[in-house]
Amino acid sequence: MQVPALIGEATEAQMLKAGNVGGELLNWIAMLGTIGERKPEFADEIEDATLGDFLELAKPRVTSLVVATTAFGFYLGSRGGVNPMLLFHTLLGTTLVASGTSAYNMYLERESDGKMERTRRRPLPDGRLQPVHALTFATVLSIAGILYLAAAVNLLTSLLAICTLASYIFLYTPMKR
């Protein structure tokens, strides 16, 4: 199979130029092209992690409140009736971005979460997930949601999602410290 070889060659050259985070992300992308052919380097590190650990990073209760608020706002802003497909695309993209934002929040607060009784059993402070895996998960969800909103809804909605993500990461999270 020639495609994975090409992906692997291009990725190796690009990883020389990329930093640690970029290199890790490119490594994940390269692994997508070689699934089934070899075991990824990081596979041993995430064997102890469960799907529930990644789901916990997405803070489903918080995300569901964001999605409910989005649905209500969509309904209020609809003129001439609600377009069900547009609503679906809006809620799916919003779910991805909100989940990614929550995962970024847990990544950024992993040290302080380890010191508090209420949060010390979360996947990062408890050691069930490595920080790089949480960061990659957050990045993939956020970018997927932003691109999905741009393609399936409109550019303005995507830009608002970017603003929300940035304000949560750069304003809300640091203000809690």
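Residues numbered from 1 in each chain as written. Predicted model: local features only at pLDDT ≥ 70, side-chain atom pairs only at ≥ 80, totals over all residues. Heavy atoms only, no water.

Q: So what about the nonpolar core? Which residues, and what values?
A: Leu57, Tyr104, Leu124 and Leu129 are the most contacted members of the largest nonpolar core, which has 19 residues in total. Among the elements of the structure, α4 (51–57), α6 (84–108), α8 (131–152) and α9 (155–175) are those that each provide at least two residues to this core. Apart from residues no more than four positions distant in its own chain, Leu57 is found in contact with Ser99, Ser102, Ala103, Met106, Leu124, Leu129, Ala134 and Phe137. (Core = buried A, V, L, I, M, F, W, Y, C linked by side-chain atoms within 4.5 Å. Buried < 20%, exposed > 50% of the residue type's maximum accessible area, 1.4 Å probe, protein only. Helix = DSSP H or I, 4+ residues; strand = E, 2+ residues; numbered from the N terminus. Contact = heavy atoms within 4.5 Å.)

Q: Account for α9, with residues named and values stated.
A: An α-helical turn contains 3.6 residues, so a residue and the one three or four places further along point in the same direction. The end-to-end C-alpha distance of α9 is 29 Å, a good match for the 30 Å that 21 residues give at a rise of 1.5 Å each. In α9, a bend of some 35 degrees at Tyr168 exceeds every other bend along the element. Here the buried face of α9 lies against α6 and α8. With a side-chain oxygen positioned 3.2 Å from the backbone nitrogen of Leu156, the residue opening α9 is Asn154. (Expected span 1.5 Å × (residues − 1). Bend = angle between axes of the 7 residues up to and from the residue. Polar contact = N/O pair within 3.5 Å; in protein donor to acceptor, adjacent residues only side chain to side chain.)

Q: Give me the environment of Asp126: which residues, what numbers.
A: Note on placement: Asp126 falls in the loop between α7 (110–115) and α8. On a C-alpha basis, the gap between Asp126 and Arg110 in space is 9.2 Å, while along the polypeptide they are 16 residues apart. In this structure, Asp126 is in contact with Arg120 and Arg121, ignoring residues within four places of it in sequence. Here Arg128 takes part through its side chain, which lies 2.7 Å from a polar atom of the side chain of Asp126.

Q: Explain a nonpolar patch on the surface to me, and be specific about the residues and the numbers.
A: Together, Phe72, Tyr75, Leu76 and Val82 make up a nonpolar patch on the protein surface, roughly 440 Å² of accessible area in all. Following the sequence through the fold, Phe72 ends up in helix α5 (residues 60–77). (Patch = residues over 30% accessible without salt bridge, like charges linked within 9 Å, V, L, I, M, F, W, Y side chains within 5 Å. Areas by Shrake-Rupley, 256 points an atom, 1.4 Å probe, with all protein chains shown as cover. Salt bridge = Lys/Arg side-chain N within 4 Å of Asp/Glu carboxyl O.)

Q: Go over the packing of aromatic side chains with me, naming the residues and quoting the values.
A: When we look at a pair of aromatic rings, we describe it by the centre distance and by the angle of the planes. By the definition in use, this model includes two aromatic pairs. Between the NZ or CZ atom of Arg110 and the centre of the ring of Tyr107, over which it lies, the distance is 4.2 Å. (Phe/Tyr/Trp six-rings, centres within 6.5 Å; stacked < 30°, edge-to-face > 60°. Lys NZ or Arg CZ within 6 Å of the ring centre and 35° of its normal.)

Q: Please provide a residue-by-residue account of the packing of α6 against α9, values included.
A: Closest axis-to-axis distance for the α6/α9 pair is 10 Å, and the angle between their directions is 20 degrees. Here α6 is positioned roughly parallel relative to α9, judged by the angle of their axes. Once α6 is placed against α9, the crossing between them reads as right-handed. Contact residues: Val97, Thr101, Tyr104, Asn105 and Leu108 in α6; Ala161, Leu165, Tyr168, Ile169, Tyr172 and Thr173 in α9. (Axes fitted to C-alpha atoms, helices over the stretch in contact; angles between N-to-C directions. Parallel < 35°, antiparallel > 145°, perpendicular 65-115°, else oblique. Left-handed = near helix turned anticlockwise from the far one by under 90°.)

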